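Tertiary structure, described
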Amino acid sequence: MKNNLRRDPKSGGRGTGEGGVVLSAVRFPSGAKPAGNGSRKGEPAGNGALRAAARGGSGSLPAPIVERRPAIRKSLKAAAKARARRSSRRMPPEKVIKESQRWLDIIAKHDRLTAAQKKRVVRETVKSFHTYFNSGFLAYRKAVAEAEQYASIEWTGQGTKIEDIMGRQYIDCLGGFGIYSAGIRHPKIVEAVRKQLEHMPLSSQELLDPLRGALAELLGEIAPGNLQKCFFINNGTDGTGGAVKLARLYTEKSGFISTLRGFHGKSYGSLSLMGKAEFRVAFEPLLQDVYFVDFGDADEVEWQLKKARDVGLDIAAVVAEPIQGEAGGIVPPDDYWPRLREICDEYDVLLIADEVQTGMGRTGKLWGVDHWNVIPDIMCLGKAIGGGVMPLSAFVSTPEIWTVLEKNPFLHSSTFGGNPLACAAGIAAINVTLSEDLPGKAAAAGEHFTAGLRDLQARYSDVIVDVRGKGLLIGVEFNDTEFGYSVASGLFRRGVLVAGTLLNAKTLRIEPALFIEKDEIDEVLNRLDDTLRSLA
């Protein structure tokens, strides 16, 4: 339902003009009540009368009494302290230049640092996170809490392995939350970005950049059905935000149906679709007219759309992940996505598939919706489309829907979206994904991994509640959050990277490179077995 209310005119904080009254300084004599129906819809009864007073209206309203606010006692000492705080951390330019050069030297000789230099990097990283970035991360990162003498500072990686600055190696089963589908530093993807960097790193914003067109063509050719036109940005949440804008623009409707425990990003528009209060409440009010249903329940989607139609609510689109990633690898019933397609067609609303985490082969198919042969109206992409080398995301739709953006292409734009470096990475990522059959490898490796995890579930049934997922998007759910964290910590100490999901902390996500070998999977399973044995 559209919100047609308008905000009251504001003075813009510039004081009042002739005949004006500062409303915050007005009070009425005790017991006096404004008369008449001067209030606007949805506001307290007294506000309309206050506006009448501001306009100099008569009626039964008594003359306002304008009061002076009590003077605030100034503290010269407090003011001096405030000034000192604001200026206390400023480095002189000479020191900034020297410090930045020191880090440039560290980057240049990253593989030739002395033990003393490495230890200094560890200390300074922890200190900088605490003082200049966000100290809260230090309490959550196992790299600090579980790394014993020295915090684990990521330094290099290749394929399925990550090595910290002190030389400790980890089998990466977290995959940067799904970005490393092609592995860490895939040679073909790195080389494409390096070559592009040598002659044009970013866009001029005036000349046509060929790689943006080339990547758009490739993506349009491999996307499901008639999805063909796209827009490139940098983060998955940007893709969702763009899809929301496109759906509203095309349908001229404002409402959305999303799912409980669905995750679509944390920028304002995307956060409005998130199905968990913990991340929403602090930023309310978010976008209005968003309604939530249980994931996997097509009947509830249909019921919501029926109610909306019956009472005249405008619904632009239904938004869902093919498989819920952050909720813990939740796979819907096999009839869920085909029914969503039918229901959306019946009620004339768009279907948006958020493939940020499931796309590019992660689930054993190129796209998550391919498991059910469903073609959405808009699809959001991210994470692995950048090949694990560059930030890249996109939203893609049909030529018919896209026409609403072509009248004024600057309705939705981005300075860095679709830049030459990112597009070089995207082109190489598509090439690697198809030429190396990463979806097929993910399907086979996922079957082997899941079978091994279910064997462990049978042996530790008192603590492992469920093993689920498709391909190499796997969730292992434990009996409580504390035990889940203990398992992740135990694996970290044993050289395996995993983490709980954002929306279901009891569940560990497993998202390694899609080409992970069986012997490496078996090693991870052995270390998990050892961890469970030590805890149980």
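An account of the accompanying structure is given in this report. (Residues numbered from 1 in each chain as written. Predicted model: local features only at pLDDT ≥ 70, side-chain atom pairs only at ≥ 80, totals over all residues. Heavy atoms only, no water.)

Observations regarding the layout of surface pockets
Size it by volume and the second largest pocket reaches roughly 870 Å³. What lines the second largest pocket is a set of 25 residues, and nearest its centre among them are Arg 212, Cys 230, Phe 231, Pro 409 and His 412. Those elements that provide at least two residues to the lining of the second largest pocket are helix H9 (210-222), strand E6 (229-233) and helix H15 (399-406). Ranked by the residues each element gives to the lining of the second largest pocket, the list is headed by E6, at 4 residues. Grouping the constituent residues of the lining of the second largest pocket by class yields 10 nonpolar, 10 polar and 5 charged. (1 Å grid on protein atoms, 1.4 Å probe; cavity = no way out; pocket = protein on both sides within 12 Å on 5 of 7 lines; lining within 4 Å. Points joined across faces, edges and corners; volume = space filled by probe spheres on them. Helix = DSSP H or I, 4+ residues; strand = E, 2+ residues; numbered from the N terminus. Nonpolar A, V, L, I, M, F, W, Y, C, P; charged D, E, K, R; others polar.)

Some thoughts on the pairing of strand E14 (residues 473-478)
For E14, the tally of buried residues reaches 6 of 6 residues, placing the bulk of the element in the interior. Here E14 shows no split at all, with Leu 473, Gly 475 and Glu 477 on one side and Ile 474, Val 476 and Phe 478 on the other all buried. Counting the residues that bridge the hairpin from strand E13 (residues 464-470) to E14 gives 2 residues, and of these Gly 471 lies at a positive phi of roughly 60°. With 4 bridges connecting them, E14 and strand E17 (residues 507-510) associate as antiparallel partners. Bridging across to E17, Glu 477 finds its partner in Thr 507. (Buried < 20%, exposed > 50% of the residue type's maximum accessible area, 1.4 Å probe, protein only. Pairing = 2+ DSSP bridges.)

Some thoughts on the side chain of Glu 321
With respect to the secondary-structure elements, Glu 321 resides in the loop between strand E9 (315-320) and helix H14 (336-347). Polar contacts involving the side chain of Glu 321 include one to the main-chain amide nitrogen of Phe 263, which spans 3.1 Å. Within the structure, Glu 321 has its side chain in polar contact with the backbone nitrogen of Gly 325 (distance 3.3 Å). Excluding its chain neighbours within four sequence positions, the residues that come into contact with Glu 321 are Arg 261, Gly 262, Phe 263, His 264, Phe 295, Glu 326, Trp 337 and Asp 354. (Polar contact = N/O pair within 3.5 Å; in protein donor to acceptor, adjacent residues only side chain to side chain. Contact = heavy atoms within 4.5 Å.)

Regarding the side chain of Thr 433
Looking at the secondary structure, you find Thr 433 in helix H16 (residues 420-435). Judged by its relative accessible area of 4%, Thr 433 falls in the buried class. From its side chain, Thr 433 meets the backbone oxygen of Ala 429 in a polar contact 2.7 Å long. The contacts of Thr 433, once residues within four sequence positions are left out, are Met 360, Leu 366, Leu 438 and Pro 439.

Things to note about the environment of His 412
Note that His 412 resides in the loop between H15 and H16. For His 412, a relative accessible area of 14% translates into the label buried. Measuring from C-alpha to C-alpha, the distance between His 412 and Phe 231 comes to 8.9 Å, with 181 residues separating the pair along the chain. Sequence-distant contacts of His 412, that is, excluding residues within four places in its chain, are made with Phe 231, Gly 242, Lys 245, Phe 395 and Leu 405. Side-chain polar atoms of His 412 contact the side chain of Lys 245, separated by 2.9 Å.

So, the sheet that holds E14
As summarised here, the arrangement of the 4 strands in space is E13-E14-E17-E16, forming an open sheet in which the pairing is antiparallel. At either margin of the open sheet sits one strand with a lone partner, and together these are E13 and strand E16 (499-500).

Some remarks on the pairing of E17
By the alternation rule, side chains of E17 split into Thr 507 and Arg 509 and Leu 508 and Ile 510, which are all buried. Pairing of E16 with E17, which is carried by 2 bridges, proceeds in the antiparallel orientation. Bridged to Ala 499 within E17 is Arg 509. Joining the antiparallel neighbours E16 and E17 is a turn of 6 residues.

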